Amino acid sequence: MTIIVPFLGSVILFNQAVVDLLSISPEVVRRWFHLTSERPDEAKAAAHTLTLSRLYLVYFGLSFLGFGSAVFALFCPESIKEYPSVTNYQSVEGPLATKPRFRILLRHAAHHFCFWQWSMYDDLFPLTAASRTLRRLGEPVDFRRLFITVILEVYGSWGRARGSAPDDHEQYQDEDSGRLDPWKLARPMAFSRRTEEWWVDELADTSFDVATRNDILALSYMAYDHSKPLWRVLAASFYAVGFALLLIPTFQTFYNVLSSLFARPV
């Protein structure tokens, strides 16, 4: 509902009836600011001014929350809006997922894994690589660790099912250590060539059958959750400013009430 505040907030919050209803008691304001009781008009004017200033803060605070909610509603992936957690996503999507869908999910997770490798291989994709600074804003360490573990397990299961060893595919090994390079495994999935389509599909089918089934679903959800970092930062900024503005009158009231308790009555 905060989305409508920028459009209707001024009509609602600054309506005379609303201002009168939310107006702070002049007697309370007199005690807060230690005004003399002989001048009631002064206390009434101060109460009216204080009420309007707080309504301004509430209006702008709710407006910024509305901007953040609008950004979230427009750009947040549907999977994140529909499912509140990764376990909920797994429990609902797991029984419905098919092998063709798993092929899409694995490619999607691999594409995000390559995207977040901001410190490596940017020179290979100079036209499509996003800025390193932007990617550092939301680098998902948990996603990268899980992807590396899962992709090595899936590749091992695929190799054992075919009776082949990791050494049979030197193109996926690190040149220095001789170990499997997760990035070299992920790159054909994210940017597959026609000659590697069969291999990527077989890996996805393997992930569908083995114990990594739920892990692929978790990677897909985490990839959606960490996508669109620029819009995430923008929405978070709107929310932060909005809550900060709403907290100002709260702290002001707390301070005024606390100070009035220890002040001498006028």
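See above for the structure.
Here is what the cut-offs are and how they apply
- Residues numbered from 1 in each chain as written.
- Predicted model: local features only at pLDDT ≥ 70, side-chain atom pairs only at ≥ 80, totals over all residues.
- Heavy atoms only, no water.
- Core = buried A, V, L, I, M, F, W, Y, C linked by side-chain atoms within 4.5 Å.
- Buried < 20%, exposed > 50% of the residue type's maximum accessible area, 1.4 Å probe, protein only.
- Helix = DSSP H or I, 4+ residues; strand = E, 2+ residues; numbered from the N terminus.
- Contact = heavy atoms within 4.5 Å.
- Patch = residues over 30% accessible without salt bridge, like charges linked within 9 Å, V, L, I, M, F, W, Y side chains within 5 Å.
- Areas by Shrake-Rupley, 256 points an atom, 1.4 Å probe, with all protein chains shown as cover.
- Salt bridge = Lys/Arg side-chain N within 4 Å of Asp/Glu carboxyl O.
- Expected span 1.5 Å × (residues − 1).
- Phe/Tyr/Trp six-rings, centres within 6.5 Å; stacked < 30°, edge-to-face > 60°.
- Axes fitted to C-alpha atoms, helices over the stretch in contact; angles between N-to-C directions.
- Parallel < 35°, antiparallel > 145°, perpendicular 65-115°, else oblique.
- Left-handed = near helix turned anticlockwise from the far one by under 90°.
- Nonpolar A, V, L, I, M, F, W, Y, C, P; charged D, E, K, R; others polar.

Colleague: So what's going on with the nonpolar core? Which residues, and what values?
Modeller: Judged by nonpolar contacts, the single largest core of 37 residues is most densely connected at Phe 143, Phe 147, Met 189 and Trp 199. Elements with a minimum of two residues in this core: α7 (99-115), α9 (141-162), α10 (182-190), α11 (197-209) and α12 (213-225). With residues near it in sequence (within four places) discarded, Met 189 still touches Leu 106, Arg 107, Ala 110, Ile 151, Trp 199, Val 200 and Leu 203.

Colleague: Run through a nonpolar patch on the surface, naming residues and quoting values.
Modeller: Together, Phe 254, Val 257, Leu 258, Leu 261 and Phe 262 make up an exposed nonpolar region whose accessible area comes to about 570 Å². One can find Leu 261 in helix α13 (residues 229-262). Residue Leu 261 is classed as exposed on the basis of its relative accessible area, which comes to 64%.

Colleague: Just give me the short version of α11, but keep the residues and values in it.
Modeller: Three or four residues apart is the spacing at which side chains of an α-helix point the same way, because the helix has 3.6 residues per turn. Helix length check: α11 (13 residues) gives 19 Å between terminal C-alpha atoms against 18 Å at 1.5 Å per residue, within 8%. Looking at α11, one finds that the buried residues are Trp 199, Val 200, Asp 201, Leu 203, Ala 204, Asp 205, Thr 206, Ser 207 and Phe 208. Tucked into the core, α11 has its buried residues touching α7, α9, α10 and α12.

Colleague: Let's hear about the packing of aromatic side chains: which residues, and what values?
Modeller: What the rule picks out here adds up to 13 aromatic pairs. Consider the rings of Phe 64 and Phe 238, whose centres lie 6.1 Å apart with planes at 40 degrees: the pair is tilted. Highlighted residues: Phe 64 in helix α4 (residues 40-75) and Phe 238 in helix α13, separated in sequence by 174 residues. With 4.5 Å between their ring centres and 20 degrees between their planes, Phe 113 and Phe 147 make a pair best called stacked. One end of the pair, Phe 113, is in helix α7; the other, Phe 147, is in helix α9, and 34 residues separate them in sequence. By relative accessible area, Phe 113 is classed as buried at 2%.

Colleague: Explain the packing of α7 against α10 residue by residue, including any values.
Modeller: Between α7 and α10, whose axes approach to 8 Å, the crossing angle comes to 125 degrees. Classified by the interaxial angle, the pair formed by α7 and α10 is oblique. Crossing angle aside, the handedness with which α7 passes α10 is left-handed. Mapping the contact onto sequence places Leu 106, Arg 107, Ala 110, His 111, Phe 113 and Cys 114 in α7 and Pro 182, Trp 183, Ala 186, Arg 187, Met 189 and Ala 190 in α10. The residue makeup of the contact of α7 with α10, split by class, is 9 nonpolar, 1 polar and 2 charged.

Colleague: Outline the packing of α7 against α11, supporting the account with residue identities and numerical values.
Modeller: With their axes 8 Å apart at the nearest point, α7 and α11 run at an angle of 110 degrees to one another. The pairing of α7 with α11 is recorded here as roughly perpendicular in orientation. Facing Lys 99, Phe 102, Arg 103, Leu 106 and Arg 107 of α7, the residues of α11 in contact are Glu 197, Val 200, Asp 201, Leu 203, Ala 204, Asp 205, Ser 207, Phe 208 and Asp 209. The residue makeup of the contact of α7 with α11, split by class, is 6 nonpolar, 1 polar and 7 charged.

Fair warning: the whole summary comes from geometry, so function is off the table for now.
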